[in-house]
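# Architecture at a glance
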Amino acid sequence: MKRYQLLAGSVLAALSIPALAHPGGHDAGFWQGFVHPFTGVDHLVAMAFLGFWLSSLSRATASKTLFAAIAVFAGGIVMGGQLSSAQVAWVELSVLASAGVMIVLAGCRAQLGAAAPIVAAAAFAGHGLAHGAEASAQVLPFTVGASLAMAILASVASLTLYSARQRFHKAA
């Protein structure tokens, strides 16, 4: 990944201050959960760069890493309802930090081996907690919808970059 891509990702992450995609009141179920990750810059940056990072990992590691990120994200939604309002402010900062972590990992094409799923899980715990703190009803359908959207966004980004790399290498 070139320096200008890292710069572009950093600018997009900065634009997500505060994480404007977290207005609260997640009570409409599956469809609101599914649409939600598409509605905020913080989500799009984090998911795109997670996908870009995944494209540089082996298939087995990438699969485990995506699963770990989604599983901890979903668990965070369920547990997030236990947070106080003061704790939610810190969680929002962790959402921004996770986007930054994904930008760096993707930019460096970091090969963390068995630690990759752990790093991804830690990065996305805050996303789940933020949503859980806002959820008021129908938490499970919201969680399923948001997790599915997260998997789609990261997978599309990963496959897009992987495909572009393959075409570049064939052309060279």
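Refer to the structure presented above.
A brief look at the structure comes next. (Residues numbered from 1 in each chain as written. Predicted model: local features only at pLDDT ≥ 70, side-chain atom pairs only at ≥ 80, totals over all residues. Heavy atoms only, no water.)

### So, the packing of aromatic side chains
Inspection of the entire model under this criterion finds five aromatic pairs. On the numbers, 5.0 Å between centres and 85 degrees between planes, the contact of Phe-30 with Trp-31 is edge-to-face. In this structure an aromatic cluster arises from ring pairing among Phe-30, Trp-31, Phe-34 and Phe-38. (Phe/Tyr/Trp six-rings, centres within 6.5 Å; stacked < 30°, edge-to-face > 60°.)

### Points about helix α6 (residues 116–134)
Taking 1.5 Å per residue, 19 residues should reach 27 Å; α6 reaches 28 Å between its end C-alpha atoms and fits that length. If you look at α6, its biggest bend is around 30 degrees, right at Phe-124. (Helix = DSSP H or I, 4+ residues; strand = E, 2+ residues; numbered from the N terminus. Expected span 1.5 Å × (residues − 1). Bend = angle between axes of the 7 residues up to and from the residue.)

### Points about the nonpolar core
Across soluble globular proteins, you tend to see nonpolar side chains buried next to one another. If you look at the biggest cluster of nonpolar residues, it comprises 29 residues, and the most contacted ones within it are Leu-50, Trp-53, Leu-54, Met-102, Phe-124 and Met-150. The element best represented in this core is helix α3 (residues 41–54), accounting for seven residues. (Core = buried A, V, L, I, M, F, W, Y, C linked by side-chain atoms within 4.5 Å. Buried < 20%, exposed > 50% of the residue type's maximum accessible area, 1.4 Å probe, protein only.)

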